[in-house]
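# Survey of secondary and tertiary structure
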Amino acid sequence: KRDYKIAPSILSADFARLGEEVNAILAAGADIVHFDVMDNHYVPNLTIGPMVCKALRKFGITAPIDVHLMVEPVDDMIVQFAEAGATYITFHPEASRHVDRSLQLIRDHGCKPGLVLNPAATLDSIKYVVDQLDMLLLMSVNPGFGGQKFIPYIMDKVRDARALLDAHGVATRLEVDGGVGLGNVRALAEAGADTFVAGSAIFNTDDYVQTIAAFREQLEG
Ligand code: DX5
Ligand code: ZN
């Protein structure tokens, strides 16, 4: 059995009460805080930056923060997020001119590096750096917005990515992001994913305890 992690995306949280929202999902049993950074350049939306990450740490959040960079370029933001208390930092390979260097930069700053693949991107692009990744994040929607529909062909990609990670014998987490909810989390786990980002499927419910328990039930029940 895999060690499943639930990573609520705070993109769907009430930003006016962000610290309390993050405390609430952690108290409800979430494992990782998924932190979506959008720059209105790499993606057509604008969200939150390193100051907000730092503020969450200052507020007392000690859980892992999984910073998903949807920005271009990435290196300045890597350094700033490392200083702001990020745990994982993931970026889209096409947003960095020197992917290997950016991965190294994350590691050198004491964070866990990962790459994110857009729905149509092939796994070939990460073949030579698999053993440098603590996280492989597969987008199951086109990045930029919460509340979109899961793209069905990603199920096959999760299987292929699981086979790739197993072939390399690495402990890289396999994370899925976009349109994940109670209706597909089990199938995703069976396909080989172990880390589940969910924004609207968690924050758009009234009772986070009940919702996260229902996710666990799907995964482990
Ligand atoms: C999309 C973001 C996701 C998003 C997921 O660009 O990377 O993390 O918040 O939202 P849902 O779970 O609502 O699809
Ligand atoms: Zn994300």
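Conventions adopted
Residues numbered from 1 in each chain as written. Chains lettered and ligands numbered in written order. Predicted model: local features only at pLDDT ≥ 70, side-chain atom pairs only at ≥ 80, totals over all residues. Helix = DSSP H or I, 4+ residues; strand = E, 2+ residues; numbered from the N terminus. Rg over C-alpha atoms; globule rule 2.2 N^0.38 Å. Buried ≥ 20, exposed ≤ 12 C-beta atoms within 10 Å, placed from the backbone. Contact = placed C-beta atoms within 7 Å. UniProt positions renumbered as here; feature names shortened; annotations may be inferred. Pairing = 2+ DSSP bridges. Axes fitted to C-alpha atoms, helices over the stretch in contact; angles between N-to-C directions. Near = placed C-beta within 6 Å. Nonpolar A, V, L, I, M, F, W, Y, C, P; charged D, E, K, R; others polar. Arc of directions from axis to C-beta. Core = buried A, V, L, I, M, F, W, Y, C linked by C-beta atoms within 7 Å.

## Some thoughts on the overall build of the chain
Regarding its fold elements, the chain presents 8 helices and 8 strands. The globule rule puts the C-alpha radius of gyration for 221 residues at 17 Å, and the 16 Å found for the chain is close to it. Across its three principal axes, the chain shows a C-alpha extent of roughly 45 × 35 × 30 Å. By the burial criterion, 43% of the 221 residues in the chain qualify as buried. Here the analysis covers contacts within the chain between residues at least 6 apart in sequence; of these, 64% occur between residues at least 24 apart.

## Comments concerning the UniProt feature "binding site: substrate" (unreviewed entry) in the chain
Cross-referencing UniProt, the feature "binding site: substrate" (unreviewed entry) maps to Ser9, His68, Gly144, Phe145, Gly146, Gly147, Asp177, Gly178, Gly179, Gly199 and Ser200 in the present numbering. One can find Ser9 in the loop between strand E1 (5-8) and helix H1 (18-27). In this structure Ser9 touches His34, Asp36, Gly146, Val197, Ala198 and Gly199, once residues within four positions along its chain are discounted. Among the structural elements, Gly146 can be located in the loop between strand E6 (135-139) and helix H5 (154-168). Aside from chain neighbours lying at most four places away, what touches Gly146 is Ser9, Leu11, Ser12, Gly199 and Ser200.

## Here's the deal with the sheet that holds strand E5 (residues 112-117)
The 8 strands are arranged E1-E8-E7-E6-E5-E4-E3-E2 in an open sheet whose pairing can be described as parallel. Each of the sheet's edge strands pairs with one partner strand only, and the pair in question is E1 and strand E2 (33-38). Neighbour-to-neighbour, the strand axes of the sheet open up by a mean angle of 25°, direction not taken into account. In terms of strand pairing, E5 meets E6 through 4 bridges, oriented parallel. Residue pairing across strands places Val116 opposite Leu137, the latter belonging to E6. Running at roughly 165° to strand E4 (residues 88-91), helix H3 (residues 75-83) makes contact with E2, strand E3 (65-70) and E4 of the sheet.

## Concerning the site of ligand 1
Around ligand 1 there are 21 residues in total, and Ser9, Pro143, Gly146, Gly199 and Ser200 lie nearest to it. When grouped by side-chain class, the residues that make up the shell around ligand 1 number 7 nonpolar, 12 polar and 2 charged.

## Some words on the UniProt feature "active site" (unreviewed entry) in the chain
Those places that UniProt annotates as "active site" (unreviewed entry) correspond, in this numbering, to Asp36 and Asp177. Over a stretch of 142 residues, the named residues converge on one spot in the fold, their C-alpha atoms separated by at most 10.5 Å. Take Asp36: it is sitting in strand E2. Assessed through the 24 C-beta atoms surrounding it within 10 Å, Asp36 is described here as buried.

## Details of helix H4 (residues 99-108)
Considered for burial, the residues of H4 that qualify are Val99, Ser102, Leu103 and Ile106. Looking down the long axis of H4, one finds its buried residues gathered within 100° of arc, a one-sided arrangement. When the buried face of H4 is taken as reference, the exposed residues oriented beyond 90 degrees from it are Asp100 and Arg101. Packed against the buried residues of H4 are H3, E4 and E5. Downstream of H4 by one or two residues, Gly110 has phi in the positive range, about 85°.

## Here we look at the nonpolar core
Counting 67 residues, the largest nonpolar core has Val67, Ala86, Ile89, Leu136 and Phe196 as the members making the most contacts within it. Once residues within four sequence positions are removed from consideration, Ala86 is found in contact with Cys53, Ile65, Val67, Phe81 and Cys111.

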